[in-house]
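Residue strings, one per chain:
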Amino acid sequence: MQSSVKHTLLEAFSKADGEFVSGQALADMIGCSRTAVWKHIESLRQEGFELEVVRKKGYRITSKPDKVSENELLIGLETNRLGKRIVFKESVESTQKEAHQIAEEAEEGTLVIAEEQTEGRGRMARPWQSPKYTGIWMSIILKPELPPFKAPQFTLITAVAVTEAIRDTTGVMPSIKWPNDLLLNGKKITGILTELQADSDHIRSIIIGIGVNVNQREFPEELADIATSIAIEKGETVSRAKIVQAIMKNLETYYDEYMTNGFSLIKEKWESYAISIGRHIIARTVTGTIRGKALGITDDGVLKLEDENGIIHDIYSADIEI
Ligand code: BTN
């Protein structure tokens with residue numbers, strides 16, 4: 001089936017929001033006969049979509065395959081700008097790498113997403129395990145008119161957006177560990193990697209990489225104590241596409257909020273979801289280890305840490321132990 005035909009069909013079903021669309025209406029939209037429509041519907045079935053057909057009513061989609069390709073993401077995507085262009089790859093070294101390559105010419109809000117990453121990477125060049133069909137491996141390209149020093153705030157905006165997306169689509173509530181980890185029962189389910197293409201005074205692109213452990217049922221031995229998935233903690237598999245759609249929607253909302261009203265609402269939400277604030281933590285920075293009480297974050301997303309001598313440290317980058 002031609003991808004433009006598929007696009008038209010899926011968009012029509014998305015607009016119908018679970019209601020029937022008549023064969024004639026679909027035929028008119030595509031510009032083909034009703035027999036041809038029926039053939040296109042069969043191709044959708046072969047791709048894992050389930051459709052109900054009722055005489056005189058037409059067709060409606062009753063379930064989508066749990067894939068994260070453009071087709072599955074388009075149905076139910078409620079954004080105005082983000083994710084309007086989706087670059088989907090079955091397998092890729094790293095969505096972050098792909099996003100960097102296309103950032104210059106890409107339109108704002110472009111989403112790069114893959115079913116598998118063979119060389120996924122995390123902060124501090126650590127590897128990020130990204131097995132096929134089980135998680136969300138995505139990078140979003142934003143182009144805010146801002147100076148580069150504002151970029152770290154986007155990690156916190158994203159953490160709030162992803163936390164709420166997971167809560168609203170799966171019913172489990174992650175906590176945030178500064179600066180970029182989401183945890184369930186003390187183990188990591190999400191990492192966020194914010195990278196920049198910038199001149200000295202302005203951002204050209206921010207590339208926000210998000211990895212979510214969704215439907216893995218087990219982890220390799222070296223990760224089993226520190227990583228988990230939503231399915232392990234919830235006891236059932238969940239829809240990856242729904243989580244991606246909710247992330248995109250929330251990210252758009254909080255991005256707009258940030259550009260219009262600044263950081264204060266996001267900061268408030270971030271602090272209310274964070275586990276480390278008010279607690280004694282250990283921060284391992286490149287220059288040494290600081291123990292103390294996490295007081296909160298500044299408007300720039302910097303962690304304030306008060307040591308035993310009452311000295312307050314600004315932590316820009318560290319591994320945190322709670
Ligand atoms: C971290 O916690 O260290 C950040 C992990 C970020 C992983 C995501 S998965 C999608 C995107 N592509 C990558 O190679 N990394 C990010």
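Heads up: the structure comes first, above all this text.
## Observations concerning helix α2 (residues 23–30)
Residues spaced three or four apart along an α-helix point in a common direction, a consequence of the helix completing one turn every 3.6 residues. Every buried residue belonging to α2 is among Gly 23, Leu 26 and Ala 27, and all of these are buried. For α2, the angular spread of buried residues about the axis comes to 100°, placing them on one side. Elements in contact with the buried residues of α2: α1 (3–16), α3 (34–46) and β2 (58–63). Directly after α2, the chain includes Gly 31, whose backbone phi takes a positive value near 80°.

## Structural notes on the site of the ligand
Neighbouring the ligand are 21 residues, the closest being Ser 94, Gln 117, Arg 121, Arg 123 and Lys 188. For the ligand, an oxygen atom lies 2.8 Å from a polar atom in the side chain of Ser 94. Arg 123 places a main-chain nitrogen or oxygen 2.6 Å from an oxygen atom of the ligand. In the complex, 98% of the free accessible area of the ligand, which totals 410 Å², lies under the protein chains. Broken down by secondary-structure element, the contributors of at least two residues to the shell around the ligand are α5 (95–102), β5 (135–142), β8 (187–198) and β9 (203–213). Per-element accounting of the shell around the ligand gives the leading share, 4 residues, to β8. Here the shell around the ligand is composed, by residue class, of 6 nonpolar, 11 polar and 4 charged.

## What about the packing of α1 against α2?
Between α1 and α2, the shortest axis-to-axis distance is 10 Å and the interhelical angle comes to 135°. With respect to each other, α1 and α2 are oriented oblique. You can see that α1 and α2 cross each other, and the crossing is right-handed. Note on element contacts: α2 touches α1 through Leu 26, Met 29 and Ile 30, opposite Val 5, Thr 8, Leu 9, Ala 12 and Phe 13. Considered class by class, the residues forming the contact of α1 with α2 number 7 nonpolar, 1 polar and no charged.

## A closer look at the nonpolar core
Counting residues in hydrophobic clusters, the biggest one holds 62 residues, and the most contacted among them are Leu 111, Met 138, Phe 154, Ile 166, Ile 230, Val 244 and Trp 270. When residues in this core are grouped by element, the largest group, 10 residues, is from helix α8 (residues 240–261). Among the domains, domain 2 (70–273) and domain 3 (280–321) are the pair contributing at least three residues each to this core. Filtering out sequence-adjacent residues up to four positions away, Met 138 remains in contact with Thr 95, Leu 111, Val 112, Ile 113, Ile 208, Gly 209, Ile 210, Val 244, Ile 247 and Met 248. Counting 17 residues, the second largest nonpolar core, distinct from the first, contains Ala 16, Val 21, Leu 51 and Ile 61.

## Section: the environment of Leu 305
Note on placement: Leu 305 falls in strand β12 (residues 303–306). Sequence-distant contacts of Leu 305, that is, excluding residues within four places in its chain, are made with Ile 281, Ala 283, Ile 290, Gly 292, Lys 293, Ala 294, Ile 311, Ile 312, His 313 and Ile 315.

## Focus on the sheet that holds β12
In spatial order, the strands read β13-β12-β11-β10-β14; together these 5 strands make up an open sheet with antiparallel pairing. Taken across any chain shown, the strands that pair with only one partner, and hence form the sheet edges, are β13 (312–315) and β14 (319–321). Neighbour to neighbour, the strand axes of the sheet diverge by 45° on average, direction disregarded. Of the strand pairs in this sheet, strand β10 (residues 280–285) and β14 are connected by 3 bridges, and their pairing is antiparallel. Counterpart to Ile 282 in the pairing with β14 is Glu 321.

## Brief notes about the sheet that holds strand β4 (residues 111–117)
Spatially, the 7 strands line up as an open sheet ordered β3-β4-β5-β9-β8-β7-β6, and their pairing is mixed. Both outer strands of the open sheet, β3 (86–92) and β6 (175–177), are each paired with one neighbouring strand and no more. Going across the sheet, the axis of each strand differs from the next one's by a mean of 20°, ignoring polarity. As paired elements, β6 and strand β7 (residues 181–184) share 3 bridges and run antiparallel to each other. Along β7, the bridge assignment pairs Ser 175 with Leu 183. Its contacts with the sheet place α8 against β4, β5 and β9, and it is angled at close to 25° to β5.

Each value, and the rule that gives it
- Note that residues are indexed from 1 along each chain, following the sequence as it is written.
- With the structure being a predicted model, the display of local features is reserved for residues of pLDDT at least 70 and the display and counting of side-chain atom pairs for 80 or more, all residues being used for whole-chain, interface and lining totals.
- Hydrogens are left out, water is left out, and the side-chain values use all remaining heavy atoms of the structure.
- Summary of the burial criterion: residues with accessible area below 20% of their type's maximum are buried, those above 50% are exposed, and those between are partly exposed, where the area comes from a 1.4 Å probe applied to protein chains only.
- Numbering of helices and strands runs from the N terminus; a helix is a DSSP stretch of H or I covering at least four residues, while a strand is a stretch of E covering at least two.
- What the arc measures is the spread of directions leading from the helix axis to the C-beta atoms.
- What makes two residues a contact is simply this: any of their non-hydrogen atoms within 4.5 Å.
- The near set for a molecule or strand comprises every residue that places at least one heavy atom within 4 Å of it.
- Distance and chemistry together define a polar contact, namely a pair of N or O atoms within 3.5 Å, with one atom able to donate a hydrogen and the other to accept it when in protein, and with adjacent residues in sequence counting only for side-chain atoms on both sides.
- Reported accessibility uses the Shrake-Rupley method at a 1.4 Å probe radius. Residues are deemed covered only where the shown protein chains occlude them.
- Under the grouping applied here, Gly and all other residues not named as nonpolar or charged are polar, the nonpolar ones being Ala, Val, Leu, Ile, Met, Phe, Trp, Tyr, Cys and Pro and the charged ones Asp, Glu, Lys and Arg.
- Every axis corresponds to a line fitted to the C-alpha atoms, with the helix fit spanning only the stretch in contact, and the corresponding angles, defined between N-to-C directions, vary from 0 to 180 degrees.
- Convention used here: angles under 35 degrees read as roughly parallel, angles over 145 as roughly antiparallel, angles from 65 to 115 as roughly perpendicular, and any remaining angle as oblique.
- Left-handed describes a crossing whose near helix is turned anticlockwise from the far helix by less than a right angle; the clockwise case is right-handed.
- By nonpolar core we mean a set of buried residues, namely Ala, Val, Leu, Ile, Met, Phe, Trp, Tyr and Cys, connected to one another through side-chain atoms within 4.5 Å.
- Throughout, the edges of the domains are those of an automatic or database domain assignment.
- Following DSSP output, two strands are said to pair if at least two bridges run between them.

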